[in-house]
Amino acid sequence: MNTGQPQPTEVGKLRAGPQGTQLLSAAQMQRLALEDAPASDGRASTHQPVLVGTQGTLKGLRFTLRQGRQTIGRRVDNDVVINDPSVSATHAWIIHQHGHYVLMNTLSTNGTFVNDKRIHETVLVHGDRVRFGQAEFTFKTHEQGSHDLRVYGYAAVALLGVLALAGLTWWML
């Protein structure tokens, strides 16, 4: 029977509703979000800090953090997956709040530590040593040797202004 309304159809392997709205699983939505995310070069910045593994098999492993809430744990459906037996299935959250990254323990078995102090919730700052169970990372908001070039630009403009003023003063004398 044709009611004049479009009938739900299959779009690829995704089910679509009468107005073309696609029904997606959580895993499909996460995959699509990652595909649409702006490319990152993996370098730490204030807008995209990173967790860098500091020891053992995690040494050098980098997790770029993004806006919003991210789950951290051993289970594969976490945003940050740490394959270490001391890490709980859902161990902690990192939430971007009001320009800060807040780390929250989620009742993990082996605890969450920042600079060797057990925490429930804390704001992270550049250089903090973060440990989930025995898995240790460093929180970075910039890379060593990298500088914000805008600071140099502002300094150069200020210096040119001072030199111009000095030159004008000398010329008037």
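Above this text sits the structure in question.
A quick note: this is a predicted structure, and the numbers were derived from the prediction, not measured. (Residues numbered from 1 in each chain as written. Predicted model: local features only at pLDDT ≥ 70, side-chain atom pairs only at ≥ 80, totals over all residues. Heavy atoms only, no water.)

Novice: Help me understand the overall build of the protein chain, please; the structure alone is not making it clear to me.
Specialist: Scanning the protein chain from terminus to terminus reveals 2 helices and 14 strands. The proportion of buried residues among the 173 residues of the protein chain is 29%. For the protein chain, restricting intrachain contacts to residue pairs at least 6 apart in sequence, the fraction spanning at least 24 positions comes to 31%. Summed over all atoms, the accessible surface of the protein chain reaches about 11,900 Å², with 59% contributed by carbon and sulfur. (Helix = DSSP H or I, 4+ residues; strand = E, 2+ residues; numbered from the N terminus. Buried < 20%, exposed > 50% of the residue type's maximum accessible area, 1.4 Å probe, protein only. Contact = heavy atoms within 4.5 Å. Areas by Shrake-Rupley, 256 points an atom, 1.4 Å probe, with all protein chains shown as cover.)

Novice: Could you clarify how one ought to interpret the packing of aromatic side chains in this entry?
Specialist: Describing an aromatic ring pair means giving the distance of the ring centres and the angle of the ring planes. All told, the structure shown has 3 aromatic pairs when counted by the stated rule. Taking NZ or CZ as reference, Arg69 lies 4.2 Å from the ring centre of Trp93, over its face. Directly above the aromatic system of Phe113 lies the positively charged group of Arg131, at a separation of 4.0 Å from the ring centroid. (Phe/Tyr/Trp six-rings, centres within 6.5 Å; stacked < 30°, edge-to-face > 60°. Lys NZ or Arg CZ within 6 Å of the ring centre and 35° of its normal.)

Novice: I'm lost on the sheet that holds strand S7 (residues 80-81) in this one. Help?
Specialist: Working definition: the strands of a sheet are paired by backbone hydrogen bonds and lie parallel or antiparallel to each other. Taken together, 5 strands build an open sheet; the order of strands is S7-S6-S8-S9-S12 and the sheet is mixed. Of all strands in the sheet, those with a lone pairing partner are S7 and strand S12 (121-123), marking the two edges. Judged from the 2 bridges that link them, strand S6 (residues 69-73) and S7 form a sheet pairing that is parallel. In the strand pairing of S7, Gly73 is matched with Val81. (Pairing = 2+ DSSP bridges.)

Novice: Any chance you could explain the side chain of Gln70 here in plain terms?
Specialist: Within the secondary structure layout, Gln70 lies in strand S6. From its side chain, Gln70 meets the backbone oxygen of Arg66 in a polar contact 3.1 Å long. If we ignore the near neighbours within four places in the chain, the residues touching Gln70 are Thr64, Leu65, Asp79, Ala92, Trp93 and Ile94. (Polar contact = N/O pair within 3.5 Å; in protein donor to acceptor, adjacent residues only side chain to side chain.)

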